[in-house]
Amino acid sequence: MEPIHIIFIVLAAVVAGFVGFFAGVAYRKKVGEREIGSAEQEATRLINEAIRSGENRKKELLLEAKDEIHKSRTEHERDVKERRAELSKQERRLQQKEETLDKKAEVFERKEEEYARRMAEVAEVKAEAEAVRRQHIATLEKLSGLTQEQAKVYLLETVETEVRHETAMKIKEIEQQMKDEADEKARDILSIAIQRCAADHAAEATVSVVPLPTDEMKGRIIGREGRNIRTLETITGVDLIIDDTPEAITVSSFDPVRREIARLALEKLIVDGRIHPTRIEDMVEKARKDVERTIREEGERACYETGVHGLNPELIKILGRQKYRTSYGQNVLNHSIEVAHIAGLMAAELGVDVALAKRAGLLHDLGKSIDHEVEGSHIQLGADLARKYKENPVVVNAIEAHHGDVEPKTVIAVLIQAADAVSAARPGARRENVENYIRRLQKLEELTCSYPGVEKAYAIQAGREVRIMVKPEEVTEDNMILLARDVAKKIEAELEYPGQIKVNVIRETKAVEYAK
C-alpha cells in the first residue's frame, strides 16, 4: 500500500476520533445538564423546606421568647414590689430613728444648758471658797507666825521624822522577829539532829598501859642488859616505861599508830612467852600488819556507817588511822562519824545535799591522821589531802572553814562548823582533868556571885549553864538584861572553856499573907 493511502487512513481515523470525542463530550454535557437541573430542583426544594422550617422555628422561638419575657417581667415586677416594700419599711425605721435622735438632741441640749448653768454656779462657789481659803490661810499665818511655805516645810519635816522613826521601829521589830524565828528554827534542827544521833558516849580513854601476868615478866621484857626493850623501842619507835606500877607497863609515843603496834606486839610476846630480839621483830611485823588491816577495816566501816561511797582507797586508809587518834580524849574517828551523821540530819532538815554534807563531815578532821608525821595544822593538811585525791571543792572548803580559818562559801561548810561544835562541846564528849573541871566550875560560881544583888549561883549541865538567882528588891527587870550581859562578858574574859556557857538570870518575887 502506498504511503498516501496510509496518511489518508490515519487522517480519517483521527477525524473519526475527534468526531467521536466531541460526540461523547456533547452527550456528557447533556447528561450533566440534566443532573444539574435535577440538583437545582432538589436544592430549590430543600431551600424551600428549610425556609419553611426556619419560619416555623422562628415562630416557635418568638413564642418562647415572648413567654420568657413575660415571666421575667412578672418576676421583676414582683421584686420591685418587694424592694419597694422593704424600702418603705427602712424609710419608716429611719424616720423613727431620726425622730428619736431629734428627741435625744433636744434632751442633750437641755442637759448641756443645765450643765453650763451648774458650772457657772460651781465657778461662783469655787471663787467664794477660794476667797474663804485665802482668808483662813491669812488668819492661820497671822496666828501661827508662819507663812504657808514655812508651815508646809515644818509639816513635811515633822511627818518625815515620825515616818522615819516608825519605819526604824518596824524594821527593828521585824529583824528581831526574824532573828527569833531563825534562832528557834536552828535550835529545832540542832535538837532534832542531836536527838537522832545521840551516842552513849563520844569520848574514850587512850589505853597505853599493857597489863602483865606477873611482875617477873618485866625482867624478861627488859632482857639481858636491856637488849629486848631496846629492840622493841628501836623497831616500833616508842618508849616503854617500866616503873613500880604493879603488873603493868606504860607505852609512850606521840604517834598513836606506833603506840598501838607496840602494844599489840607486846601483848603477843607476853602470850607467846618467847621474848628475844628475833621474836620481837616477828611479832612487831605481825602487829603492824594487824594494825594496817584494822585501819583499812575501820575506814571502810566508817564509810559504811555514814553511807559515804566512792572515796579513794588511800583516803579510806588515812581515815581509818583516826581510830588510834584522840583529841581531848575524844576518839577522832567516832567524832568524825558523829559529825557526818549530825551534818546529814541538819542538811536533810534544810533541803541541802545530804550525801555531800555527810562526806564533808566524815572528812573534816582528815588532817589529824597525819599531823604527827607532817608539819602543819590538821586543817591545812586535811584540805591538801582532799585536793590531792580530787575531792569536791565544797568538801575542801568545809574542811578549811570548820574552825573558822577561812570564810565558809556554802551552807554545807556552815553545817560542818555547827556539827563539829555540837559533837565536841556537848557534855561527856571530851575528857578533862577532874581537878581542873571542878576548879573551873567553882571559879564560874564565884565569878557570878561577885556581882551585887546575886543571891545564889549554880553551875549546871557540866558547866554549860550558870543559873543565877537575884534579889528582886535590888535587881529590877531592866537590870537583869544588863547583869546577864556583864556576866557573859566577864566569863569570856576570865575563863577558858570548850563550847559556850549559857547565863540564865532568874528574878522571882513572892508575896505571902495569911487569912485568919
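Novice: Where do I start with the nonpolar core in this structure?
Specialist: A general feature of soluble globular proteins is that nonpolar side chains tend to end up buried together. Counting residues in hydrophobic clusters, the biggest one holds 39 residues, and the most contacted among them are Leu311, Leu319, Leu362, Leu363, Leu366 and Ile412. Counting residues per element, the ones that place at least two in this core are helix H6 (277-306), helix H7 (313-320), helix H8 (332-350), helix H9 (354-363), helix H10 (378-388), helix H11 (393-401) and helix H12 (411-425). With eight residues, the single largest contributor to this core is H8. When residues no more than four places from it in sequence are discounted, the contact partners of Leu366 are Leu315, Ile318, Leu319, Gln322, Gly382 and Leu385. Judged by nonpolar contacts, the second largest core, of 26 residues, contains Met217, Ile229, Leu269 and Ala287.

Novice: What exactly am I supposed to notice about the sheet that holds strand E8 (residues 502-507) here?
Specialist: Within a beta sheet, neighbouring strands are joined by backbone hydrogen bonds and run either parallel or antiparallel to one another. What the three strands build is an open sheet, ordered E6-E7-E8; its pairing is mixed. In this open sheet, the two strands that pair with only one neighbour each are strand E6 (454-460) and E8. Averaged over all neighbouring strand pairs, the angle between strand axes comes to 20°, with direction disregarded. In this structure, strand E7 (residues 465-470) lies alongside E8, joined through six bridges in parallel fashion. The residue bridging Val466 from the neighbouring strand is Val503, located in E8. Contacting E6, E7 and E8, helix H14 (residues 477-494) runs over the sheet at an angle of about 155° to E8.

Novice: Is there a simple way to think about H7 in this case?
Specialist: What sets the pattern is the α-helix's 3.6 residues per turn: residues three or four places apart point alike. Taken residue by residue, H7 has Leu315, Ile316, Ile318, Leu319 and Gly320 as its buried positions. Buried-residue contacts for H7 involve H6, H8, H9 and H10. N-capping of H7 is provided by Asn312, with a side-chain oxygen placed 2.9 Å from the backbone N of Glu314.

Novice: How should the side chain of Asn228 be read in this particular structure?
Specialist: With respect to the helices and strands, the residue Asn228 is situated in helix H4 (residues 227-236). Every residue in contact with Asn228, bar those within four places of it in the chain, is listed here: Arg220, Ile221, Ile222, Gly223, Ile275, His276, Pro277 and Ile280.

Novice: Would you explain the pattern of salt bridges in this entry?
Specialist: As a working rule, side chains carrying opposite charge can pair if their charged atoms are close by. In the structure shown here, the tally under the stated rule is 24 salt bridges. For Glu267, the salt bridge identified is with Arg263, shortest N-O distance 2.7 Å. With a gap of four residues between them, Glu267 and Arg263 both fall in helix H5 (residues 256-272), about one helical turn apart. Note on Arg263: relative accessible area 17%, which makes it buried. Each of Glu114, Arg117, Arg118 and Glu121 takes part in a single network of salt bridges with overlapping partners.

Novice: Just to check I follow, could you spell out the sheet that holds strand E1 (residues 209-211) for this structure?
Specialist: Across the sheet, which stays open at both edges, the three strands sit in the order E1-E3-E2 with antiparallel pairing between neighbours. Looking at strand neighbours, the two that pair on one side only are E1 and strand E2 (239-241), the edges of this open sheet. Sheet twist, expressed as the mean angle between neighbouring strand axes with direction ignored, is 30°. When E2 meets strand E3 (residues 248-252), the two strands line up antiparallel, connected through three bridges.

Novice: Looking at this structure, I do not really get H11. What am I missing?
Specialist: Along H11, eight of the nine residues are buried, which leaves the element largely enclosed by surrounding structure. For H11, the set of buried residues is Val394, Val395, Val396, Asn397, Ala398, Ile399, Glu400 and Ala401. Of the residues flanking the start of H11, the one acting as N-cap is Asn392, its side-chain oxygen 2.9 Å from the backbone nitrogen of Val394.

Novice: Before we go on, may I ask you to explain the side chain of Asn397 in this structure?
Specialist: Along the polypeptide, Asn397 turns up in helix H11. Judged by relative accessible area, which is 7%, Asn397 ranks as buried. Ignoring anything within four residues of it in the chain, the contact list for Asn397 reads Val406, Glu407, Pro408, Lys409, Thr410 and Ala413.

Novice: Looking at this structure, how should I read the pairing of E3?
Specialist: Every regular strand shows the same layout, with side chains that alternate between the two sheet faces. As paired elements, E1 and E3 share three bridges and run antiparallel to each other. Across the sheet, the residue bridging to Val209 is Thr250, located in E3. Following E2, the chain reverses through six residues before pairing antiparallel with E3; Glu247 in that reversal takes a positive phi of roughly 55°.

Novice: Would you mind going over the packing of H4 against H6 with me for this structure?
Specialist: Describing two packed helices takes the angle between their axes plus the distance from one axis to the other. At a minimum axis separation of 10 Å, H4 and H6 run at an interaxial angle of 30°. Relative to H6, the element H4 is oriented roughly parallel. Between H4 and H6 the crossing geometry is right-handed. Contacts between H4 and H6 involve Arg227, Asn228, Thr231, Leu232, Ile235 and Thr236 from the former and Pro277, Ile280, Glu281, Val284 and Arg288 from the latter. In the contact of H4 with H6, the residues fall into five nonpolar, three polar and three charged.

Novice: Looking at this structure, how should I read the packing of H6 against H8?
Specialist: In contact at an axis separation of 10 Å, H6 and H8 are set at 20° when each is read in the N-to-C sense. Judged by the inter-axis angle, H6 sits roughly parallel to H8. As H6 runs across H8, the sense of the crossing is right-handed. Residues Glu298, Arg301, Ala302, Glu305 and Thr306 of H6 touch H8, and the partners they reach there are Leu333, Asn334, Ile337, Ala340 and His341.

Novice: Would you take a moment to explain a nonpolar patch on the surface for this structure?
Specialist: Among the surface-exposed residues, Ile6, Val10, Val14, Phe18, Phe21, Phe22 and Val25 lie close enough to one another that they form a single nonpolar patch of about 670 Å² accessible area. For Val10, a relative accessible area of 46% gives the class partly exposed.

Rules used in this analysis
Residues numbered from 1 in each chain as written. Predicted model: local features only at pLDDT ≥ 70, side-chain atom pairs only at ≥ 80, totals over all residues. Heavy atoms only, no water. Core = buried A, V, L, I, M, F, W, Y, C linked by side-chain atoms within 4.5 Å. Buried < 20%, exposed > 50% of the residue type's maximum accessible area, 1.4 Å probe, protein only. Helix = DSSP H or I, 4+ residues; strand = E, 2+ residues; numbered from the N terminus. Contact = heavy atoms within 4.5 Å. Pairing = 2+ DSSP bridges. Axes fitted to C-alpha atoms, helices over the stretch in contact; angles between N-to-C directions. Polar contact = N/O pair within 3.5 Å; in protein donor to acceptor, adjacent residues only side chain to side chain. Salt bridge = Lys/Arg side-chain N within 4 Å of Asp/Glu carboxyl O. Parallel < 35°, antiparallel > 145°, perpendicular 65-115°, else oblique. Left-handed = near helix turned anticlockwise from the far one by under 90°. Nonpolar A, V, L, I, M, F, W, Y, C, P; charged D, E, K, R; others polar. Patch = residues over 30% accessible without salt bridge, like charges linked within 9 Å, V, L, I, M, F, W, Y side chains within 5 Å. Areas by Shrake-Rupley, 256 points an atom, 1.4 Å probe, with all protein chains shown as cover.

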